[in-house]
Amino acid sequence: MTLPDYHFISAPLWLVTALHLLTLTLHLAAMSCLLGGTLIALWTGARKAWPAPDAAGFARVLPAATAATVSLGVAPLLFLQLVYPRQVYAATIVSGWFWLAVIGAVITAYYAFYRTSFQAHRTGRVSLGLLALAALGLLYTSLVYSSVFALAEQPALLRALYAKDQSGWVWNPAAGAYGLRWLHMVLGALTVGGFFVSVLGRKSPAMAATGRAAFVGGMAAAAAVGFLYLISLDADLGAYMRTPAMPVLVVSLALSLAALHFHAKKHFGLSGLCLFLSVFGMVYMRHVLRLVRLQGSFDLAAWRVAPQWSPFLLFLVCFLLMLGVLVWMAKLFFRPDEDVTEA
Amino acid sequence: MHYPFWDQPIGYGVLMAVIAVFHVFVSHFAIGGGLYLVVNEHLARRDGDMARLAFLEKLSKFFAMVTLVAGALTGVGIWFVIGLLAPAATEALIHNYVWGWATEWTFFVVEIAAAMLYFYGWKRLTAKAHLTLGWIYFGAAWLSLAVINGILTFMLTPGRWLVTGDFWQGFFNPTYWPSLVLRTGVCVMLAGLYALLVASRLEAGDFKARTVRQAAGWAVVGLAVTALAQAWYWKAIPAAVTARALETMPTPVRAIVLSLWLAAALGAGVLALVVLAPRRFGTAAALAFMALGMAWFGAFEWSRESLRKPYILAGYMYGNGAEVAQTATYQREGFLPQITFRTGDDGADLFRHACRSCHTLDGYKALRPALAGADRAYLVALVQGAHLLRGNMPPFLGTPREAELIADHLYQRTDHRSLAEIYRIDGLALGRRAYDLRCGKCHAVGTASDKAKSLAGQSAEDLSGMLDMASSLGEGMPAYTGDAAERKALVAYLQTLGQGGKP
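Residues numbered from 1 in each chain as written. Chains lettered and ligands numbered in written order. Predicted model: local features only at pLDDT ≥ 70, side-chain atom pairs only at ≥ 80, totals over all residues. Heavy atoms only, no water.

1. A closer look at the overall build of chain A
At step 1: Across its full length, chain A carries 13 helices and 0 strands.
At step 2: Helices and strands appear in chain A in the N-to-C order α-α-α-α-α-α-α-α-α-α-α-α-α.
At step 3: What you see for chain A is a C-alpha radius of gyration of 21 Å, in line with the 20 Å of a compact globule of 343 residues.
At step 4: Expressed along its principal axes, the backbone C-alpha trace of chain A runs to roughly 65 × 45 × 40 Å.
At step 5: Out of the 343 residues in chain A, the part that is buried amounts to 54%.
At step 6: Counting every atom, chain A has about 14600 Å² of accessible surface; 73% of that belongs to carbon and sulfur.
At step 7: Looking at chain A, you have 22 positive and 11 negative side-chain charges, and the mean spots of the two groups are 6 Å apart. (Helix = DSSP H or I, 4+ residues; strand = E, 2+ residues; numbered from the N terminus. Rg over C-alpha atoms; globule rule 2.2 N^0.38 Å. Buried < 20%, exposed > 50% of the residue type's maximum accessible area, 1.4 Å probe, protein only. Areas by Shrake-Rupley, 256 points an atom, 1.4 Å probe, with all protein chains shown as cover. Lys, Arg positive; Asp, Glu negative; His and termini not counted. Charge placed at Lys NZ, Arg CZ, Asp CG, Glu CD.)

2. Overview of the overall build of chain B
At step 1: Regarding its fold elements, chain B presents 21 helices and 2 strands.
At step 2: Its C-alpha atoms give chain B principal-axis dimensions of about 85 × 50 × 35 Å.
At step 3: Within chain B, the fraction of its 503 residues that count as buried is 58%.
At step 4: Long-range contacts, defined here as pairs at least 24 residues apart, represent 74% of the contacts in chain B between residues at least 6 apart.
At step 5: Accessible surface for chain B amounts to roughly 19800 Å². Of this, 64% is attributable to carbon and sulfur atoms. (Contact = heavy atoms within 4.5 Å.)

3. Describing the domain arrangement of chain B
At step 1: Under the domain assignment, chain B is made up of domain 1 (12-318), domain 2 (339-413) and domain 3 (422-498).
At step 2: Placing a centre on the C-alpha atoms of domain 1 of chain B and another on those of domain 3 of chain B gives a separation of 47 Å. (Domains from an automatic or database assignment.)

4. Overview of the interface of chain B and chain A
At step 1: Counting residues at the interface gives 74 residues for chain B and 81 residues for chain A.
At step 2: Summed over both partners, the interface of chain B with chain A comes to about 7200 Å²; 75% of that surface belongs to carbon and sulfur atoms.
At step 3: Linking chain B with chain A are 1 salt bridge, by the criterion used here.
At step 4: A salt bridge links Glu91(B) to Arg86(A), with the shortest nitrogen-to-oxygen separation between them at 3.9 Å.
At step 5: At the boundary of chain B and chain A, one finds 16 residue pairs in polar contact (both at pLDDT 80 or more).
At step 6: Of all the secondary structure elements, the ones that give two or more residues to the side of chain B that touches chain A are α2 (50-85), α3 (87-120), α4 (127-156), α5 (161-164) and α6 (167-171) of chain B.
At step 7: Here the side of chain B that touches chain A gets 26 residues from one element, more than from any other, and that element is α3(B).
At step 8: When its residues are assigned to classes, the side of chain B that touches chain A shows 50 nonpolar, 16 polar and 8 charged. (Buried area = accessible area lost by both parts, 1.4 Å probe. Salt bridge = Lys/Arg side-chain N within 4 Å of Asp/Glu carboxyl O. Polar contact = N/O pair within 3.5 Å; in protein donor to acceptor, adjacent residues only side chain to side chain. Nonpolar A, V, L, I, M, F, W, Y, C, P; charged D, E, K, R; others polar.)

5. Quick notes on unusual backbone geometry
Note on backbone geometry: most residues besides glycine have negative phi, and most peptide bonds are trans.
Residues and elements named next belong to chain B.
At step 1: The amide bond that connects Lys309 to the next residue, Pro310, takes the cis arrangement and shows omega of 0°.
At step 2: Even without glycine at this site, Arg424 takes up a positive phi of about 50°.
At step 3: Within the secondary structure layout, Arg424 lies in the loop between α17 (419-423) and α18 (427-438).

6. Points about the pattern of salt bridges
All names here are of chain A.
At step 1: Within the structure shown, the criterion is met by 28 salt bridges over all chains.
At step 2: Residue Asp236 pairs with Arg293 through a salt bridge whose shortest N-O separation is 3.2 Å. Here Asp236 is found in the loop between α9 (205-232) and α10 (237-241), whereas its partner Arg293 is found in helix α12 (residues 268-294), with 57 residues between them in sequence.
At step 3: Here Asp236 falls in the partly exposed class, since its relative accessible area comes to 22%.

7. Topic: the packing of helix α1 (residues 12-47) of chain B against helix α7 (residues 176-200) of chain B
All names here are of chain B.
At step 1: One can describe the packing of α1 onto α7 by two numbers: an axis separation of 7 Å at closest approach and a directional angle of 75°. On the basis of the axis angle, α1 is roughly perpendicular to α7. The residues of α7 that touch α1, namely those facing Phe25, His28, Phe29, Ile31, Gly32, Gly33, Leu35 and Tyr36, are Arg183, Val186, Cys187, Val188, Leu190, Ala191, Tyr194 and Ala195. (Axes fitted to C-alpha atoms, helices over the stretch in contact; angles between N-to-C directions. Parallel < 35°, antiparallel > 145°, perpendicular 65-115°, else oblique.)

8. Thoughts on the packing of aromatic side chains
At step 1: Under the defined criterion, the tally for this structure stands at 57 aromatic pairs over all chains.
At step 2: An angle of 40° between the planes, with centres 5.4 Å apart, marks the rings of Phe171(B) and Tyr176(B) as tilted.
At step 3: The exposure class assigned to Phe171(B) is buried, which follows from its relative accessible area of 6%.
At step 4: Residue Tyr176(B) is classed as buried on the basis of its relative accessible area, which comes to 3%.
At step 5: Through successive ring pairs, a cluster of aromatic residues spans Tyr6(A), Tyr97(B), Phe154(B), Trp161(B), Phe167(B), Trp168(B), Phe171(B), Phe172(B), Tyr176(B), Trp177(B) and Tyr316(B).
At step 6: The ring centre of Phe341(B) lies 5.3 Å from the NZ or CZ of Arg159(A), which sits over that ring.
At step 7: Against the face of Tyr378(B) rests Arg438(B), its NZ or CZ located 5.0 Å from the ring centre. (Phe/Tyr/Trp six-rings, centres within 6.5 Å; stacked < 30°, edge-to-face > 60°. Lys NZ or Arg CZ within 6 Å of the ring centre and 35° of its normal.)

9. Some points on the environment of Glu203(B)
At step 1: Note on placement: Glu203(B) falls in the loop between α7 and α8 (206-236).
At step 2: Along the chain, Glu203(B) and Ser464(B) lie 261 residues apart, while their C-alpha atoms are 74 Å from each other.

10. Focus: helix α20 (residues 460-468) of chain B
Residue and element names in this part refer to chain B.
At step 1: Among the residues making up α20, those that are buried are Leu463, Met466 and Leu467. Angularly, the buried residues of α20 cover 100° about the axis, an arc narrow enough to put them on a single face. Pointing more than 90 degrees away from the buried face of α20 are the exposed residues Glu461 and Asp468.
At step 2: Against the buried residues of α20 lie α19 (452-455) and α21 (484-497). (Arc of directions from axis to C-beta.)

11. Let's talk about helix α13 (residues 309-334) of chain A
At step 1: With 26 residues, α13(A) extends 37 Å from end C-alpha to end C-alpha; this agrees with the ideal 38 Å at 1.5 Å per step.
At step 2: Contacts made by the buried residues of α13(A) are with α1 (13-46) of chain A together with α3, α4 and α6 of chain B. (Expected span 1.5 Å × (residues − 1).)

12. A word on the nonpolar core
At step 1: Residues Trp99(B) and Trp105(B) are the most contacted members of the largest nonpolar core, which totals 183 residues.
At step 2: In terms of residues, this core owes the most to one element, α3(B), which gives 23 residues.
At step 3: In this structure Trp99(B) touches Ser10(A), Ala11(A), Val16(A), Leu19(A), Phe79(A), Gln308(A), Pro311(A), Phe312(A) and Phe315(A), once residues within four positions along its chain are discounted.
At step 4: Judged by nonpolar contacts, the second largest core, of 51 residues, contains Ala109(A), Phe195(A), Ala245(A) and Leu255(A). (Core = buried A, V, L, I, M, F, W, Y, C linked by side-chain atoms within 4.5 Å.)

13. A look at the packing of α7(B) against helix α11 (residues 283-307) of chain B
All names here are of chain B.
At step 1: The geometry of α7 relative to α11 is characterised by a closest axis approach of 8 Å and an angle of 160° between their N-to-C directions. Between α7 and α11, the angle is such that the two are roughly antiparallel. In this structure, the crossing between α7 and α11 has a hand that is left-handed. On the side of α7, the interface is formed by Leu182, Arg183, Val186, Met189, Leu193, Tyr194, Leu196, Leu197 and Ser200, while α11 contributes Thr283, Ala286, Leu287, Phe289, Met290, Gly293, Trp296, Phe297, Phe300, Glu301 and Arg304.
At step 2: Split by residue class, the contact of α7 with α11 holds 14 nonpolar, 3 polar and 3 charged. (Left-handed = near helix turned anticlockwise from the far one by under 90°.)

14. Here's the deal with the state of the cysteines
Formally, a disulfide is one covalent bond, and it connects the sulfur atom of one cysteine to the sulfur atom of another.
At step 1: On inspection of all chains with the given rule, the structure shows 0 disulfides over all chains.
At step 2: The cysteine Cys33(A) is free of any disulfide, with Cys274(A) supplying the nearest cysteine sulfur at 16 Å.
At step 3: For Cys187(B), which is in no disulfide, the shortest distance to another cysteine sulfur is to Cys318(A) and amounts to 19 Å.
At step 4: For Cys187(B), a relative accessible area of 1% gives the class buried. (Disulfide = S-S within 2.5 Å.)

15. Details of the environment of Ile425(B)
At step 1: Position of Ile425(B) relative to the elements: it lies in the loop between α17 and α18.
At step 2: When sequence neighbours within four positions are dropped, the list of residues in contact with Ile425(B) reads Leu419(B), Ala420(B), Leu430(B) and Arg433(B).

16. Thoughts on a nonpolar patch on the surface
At step 1: A grouping of Leu313(A), Leu316(A), Val317(A), Leu320(A), Leu321(A) and Leu323(A) is seen on the molecular surface, where their side chains present a nonpolar patch of about 540 Å² in accessible area.
At step 2: Examined against the element boundaries, Leu316(A) turns out to sit in helix α13. (Patch = residues over 30% accessible without salt bridge, like charges linked within 9 Å, V, L, I, M, F, W, Y side chains within 5 Å.)

So, in structure tokens, the structure goes:
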């Protein structure tokens with residue numbers, strides 16, 4: 001009896017890649033609102049720059065943003081593991097304890113957000129200590145993700161590290177390969193977080209102002225660091241330049257500027273769309289860089305494709321239903337209701 | 001074997017159990033609790049029962065905290081852990097079931113969103129809208145169970161999938177339906193037990209009595225559904241698997257029996273309570289019921305995991321990640337060429353990939369103490385005969401040379417003085433030790449491979465002669481390589497076996 005072979009991808013690669021990049025963009029957008037928003041709230045909180053009711057109102061959004069970040073993170077990790085299992089599992093195993101600690105860090109951040117939000121609801125004040133704790137959890141998580149996924153792109157390093165230490169206590173030492181990248185992501189989060197704050201606080205001058213400042217400043221800083229990161233690629237830069245990533249970079253930059261422009265004109269919807277698309281561009285560039293880095297050890301086209309159309313169709317239907325139900329529930333919840341008092 | 005091995009001291013079984021047990025309780029509770037909330041909200045609104053509504057609102061806060069945070073994140077945690085502990089199996093599952101998981105994810109997102117809006121919507125929403133959100137929450141949560149259940153049951157009973165590789169045949173496998181009914185029953189039972197716990201803290205009075213009675217009803221109905229489904233489940237597992245379990249693995253079978261007793265105790269206790277003292281029902285009793293319920297469900301999950309041995313994906317992949325389909329390749333070329341991440345110490349690499357996912361040296365399923373006093377030749381025989389040992393282990397599929405490398409690795413780490421020296425014993429005590437080390441690992445007393453009967457009534461000379469030709473007694477039966485003092489004590493001990501093991 002020949003047993004079924006599991007080395008296959010159950011949908012055309014372009015489809016899986018598209019879903020991967022789309023869901024990752026959604027995850028990063030939510031994550032950026034959360035992380036950027038938290039950092040901004042900490043910064044303004046320390047300077048008492050927001051009126052207490054605004055700060056408390058903002059704190060009450062954070063648990064939901066955490067829920068969105070976590071839920072939206074599941075899908076891209078699934079698709080990542082589907083296409084790059086050899087690289088991803090290997091890197092997570094070598095850094096096993098740090099990787100596992102992410103769960104603890106996120107649970108801590110989550111509860112800290114809930115506590116802050118309940119406290120803010122009861123007392124009207126935001127606990128900076130709890131916010132800082134949550135921010136620490138999120139920063140740790142983001143740093144682990146950057147370092148582990150960078151390690152996944154360096155098979156030779158991965159092997160050498162494992163040969164020396166199998167305990168799962170290995171932290172990726174090649175900080176050059178992910179330090180700037182991580183910083184770029186955090187600054188990107190600050191940018192998106194700034195946008196988020198300015199839109200949520202559009203009726204509050206103080207909030208709108210900090211949001212705007214973080215949006216503009218974060219974007220400038222993120223661009224500068226992103227540029228440095230690009231240069232730091234040295235050996236891979238040549239190959240990278242010849243990929244479609246370069247035109248995408250130009251378009252993404254233009255989209256970012258457009259986002260600023262529309263934001264200044266108070267066209268928040270358009271601005272948000274441009275920002276989302278530019279994040280998508282960044283996600284795409286990241287994807288191309290991974291392929292460049294893995295050249296020689298991994299070939300995407302080598303996957304055997306054996307589509308499972310009926311389960312895929314089920315997923316697609318459920319995915320659309322999910323979108324429909326989410327929109328419908330949000331409408332139900334946020335419509336100005338007759339017998340609404342206060343939540 | 002394409003992956004590095006996470007060599008951590010805690011032991012894979014323990015780490016997995018800690019996270020899985022927690023998640024399994026929380027996630028079933030999340031589903032049952034959702035149902036409990038909406039059904040009761042419906043009743044309370046119909047009857048205009050404000051006390052109950054207030055009670056439910058309070059309940060929903062704890063509930064939201066537990067399910068939204070702990071439930072969701074331990075779920076992600078399990079996923080992280082299986083990727084670390086069993087990357088090959090996780091990879092195989094994801095390749096076959098990615099669309100199952102992706103579908104589950106859509107339910108998960110709806111579930112989380114609905115739970116939040118439900119929780120924040122008590123005052124904000126109309127009664128009808130609030131109830132609708134509650135039902136959406138419950139529906140999505142249950143559907144995500146229905147999807148995961150397909151993948152979980154696949155691991156034990158892949159059914160026709162092994163031949164066809166068909167998604168749906170693996171998904172709707174022989175234990176899919178019984179397991180789904182069983183888990184649904186568990187959800188209802190846990191919700192009832194939890195409501196009992198909360199109700200136990202209410203002030204004595206009519207409201208408390210009503211709440212306790214109703215919660216007890218949930219617990220008993222859930223339990224009854226579960227118990228019936230468990231019998232169905234057991235029947236749905238291929239007879240060969242259950243028969244082998246009864247023969248070689250007394251432990252999980254005992255766990256099943258134990259779990260039935262726990263279920264009976266729980267049911268009887270809850271019923272007695274409803275009849276006797278709903279008003280005075282205290283927290284201690286509620287906690288005891290909760291503990292019983294969890295112990296019962298834990299025993300079930302444990303027996304399910306054990307039944308799957310030696311596989312992680314039944315008939316397809318062994319617990320250590322070795323693939324059944326690759327058997328011929330392993331036997332021809334060995335494990336080493338398949339191990340992608342090497343450390344330079346072949347014995348250690350082989351040990352990790354062949355044995356270490358189930359064993360540690362000193363902690364969980366520790367080998368150092370179990371092998372104290374063994375000589376190298378015997379260790380080689382044990383590695384090569386791994387599938388003959390108790391515990392239903394995977395066969396060692398590598399080459400004879402590799403078995404020696406593993407044996408050497410173990411030999412360097414174990415105490416190889418004589419048993420008499422290590423434990424400072426002699427006589428029958430030494431004989432019993434010798435039996436544990438040299439015979440009992442394969443011929444565990446009370447199992448199908450117990451040799452007490454065939455040894456009964458033999459003289460010391462006969463027994464000693466039998467030890468001389470031990471390696472010819474059966475395929476995989478090792479030669480006797482212990483020293484003279486040990487042999488004498490062993491023979492004396494073997495003579496007692498015919499008398500039921502009592503000297």
